[in-house]
Structures are given as C-alpha cells and as structure tokens.
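# Inside the fold
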Amino acid sequence: MKTRILVAGLSLRIRARLQGQLRDVEVESVRSAEHLRQRLAHETFAALVVDEPILDVPVLEFLASISQIFHGIIIFCAAGAHSANNLRLMVQRHHVAVILQHPVDTAELMRSLV
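Below is a short write-up of the structure. (Residues numbered from 1 in each chain as written. Predicted model: local features only at pLDDT ≥ 70, side-chain atom pairs only at ≥ 80, totals over all residues. Heavy atoms only, no water.)

### Topic: a nonpolar patch on the surface
A cluster of nonpolar side chains, Leu87, Val91 and Ile99, forms an exposed patch at the surface whose accessible area comes to about 200 Å². Here Leu87 lies in helix H4 (residues 84–92). Judged by its relative accessible area of 30%, Leu87 is partly exposed. (Patch = residues over 30% accessible without salt bridge, like charges linked within 9 Å, V, L, I, M, F, W, Y side chains within 5 Å. Areas by Shrake-Rupley, 256 points an atom, 1.4 Å probe, with all protein chains shown as cover. Salt bridge = Lys/Arg side-chain N within 4 Å of Asp/Glu carboxyl O. Helix = DSSP H or I, 4+ residues; strand = E, 2+ residues; numbered from the N terminus. Buried < 20%, exposed > 50% of the residue type's maximum accessible area, 1.4 Å probe, protein only.)

### A short note on the nonpolar core
The biggest cluster of nonpolar side chains holds 20 residues, and the ones touching the most others in it are Leu36, Leu40, Leu48 and Phe76. Among the elements of the structure, strand E1 (3–8), helix H2 (33–42), strand E3 (47–51), helix H3 (59–66) and strand E4 (73–78) are those that each provide at least two residues to this core. With residues up to four places along the chain from it excluded, the contact list for Leu36 reads Leu6, Ala8, Val30, Leu48 and Phe62. By size, the runner-up hydrophobic cluster in this structure holds 18 residues, among which are Leu18, Val27, Leu100 and Met110. (Core = buried A, V, L, I, M, F, W, Y, C linked by side-chain atoms within 4.5 Å. Contact = heavy atoms within 4.5 Å.)

### Side note on H3
Listed as buried for H3 are Val59, Phe62, Leu63 and Ile66. Seen from one end, H3 has its buried residues packed into an arc of 95°, which puts them on one side. Against the buried residues of H3 lie H2, E3, E4, H4 and strand E5 (96–101). (Arc of directions from axis to C-beta.)

### Things to note about the environment of Val30
Here Val30 lies in strand E2 (residues 25–30). We classify Val30 as buried; its relative accessible area is 1%. The spacing of Val30 and Leu6 is 24 residues in sequence and 7.5 Å in space, taken between C-alpha atoms. The residues touching Val30, leaving out its near neighbours within four places in the chain, are Leu6, Val7, Ala8, Gly9, His35, Leu36, Arg39 and Ile54.

### Comments concerning the pattern of salt bridges
In the structure shown here, the tally under the stated rule is five salt bridges. A salt bridge links Asp56 to Arg37; the nearest nitrogen and oxygen atoms lie 2.8 Å apart. With Asp56 in the loop between E3 and H3 and Arg37 in helix H2, this pair connects stretches of sequence that are 19 residues apart. The partly exposed category is assigned to Arg37, whose relative accessible area is 24%. One salt-bridge network, held together by shared partners, links Arg4, Glu28, Arg39 and Glu43.

In structure tokens, the structure reads:
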C-alpha cells in the first residue's frame, strides 16, 4: 500500500516532481482550503504540504481548525514573513514539522518527506 500525501496549492510542476521521485508515495492535491478541510475530515494521509496562498484564514487559525482531524506530518510553505512567535507556535503548538519559504525548493521539500 502506498503512503498518501496531500498537497494543497503547490504548482503542478512541483507536484509532478514529487510524484515522479518519491517511490511508493501517492501524491494527491487540492486547490482550495475548503476542499482541503473536506479531504482531511474524510480521508487519512501520512503528510500534508500546505502552500500558504491557498489558505482562506490566517495560518494559525487554519492549523487550529485541523488539529482534531489531522495528526500526520505538516509541511508549511510560507509565502511571506512571519513573526518569530508565530513560527514558534506553528512548531510547538500545531506540530508543523518543516517550514519552507517561497520560492519552494523542490529538493528540500522532497528531503522533508522521506
């Protein structure tokens, strides 16, 4: 059985590269925050990669909203600057494993997923 990863918002090029280079991994994607929440509520994924521009609420609010339904690895791709306090909260309170800054380095993202 393949490991399932849900990617929210990243470009088709990055998603295709992940799918092509990560063996035994099924990369699935969503293009909206609403669809993301629906998928997380009804399906199980080992990891979640969230691209900040897809979010419809501030990142800490989003992370709090999924905390009861998703317990896997979270990788957050930040589009802008965040305060040191917000970064600390993402990691300590909301269990974000990796924070990447735009432009997202695909090789670094892949290393974070293996």
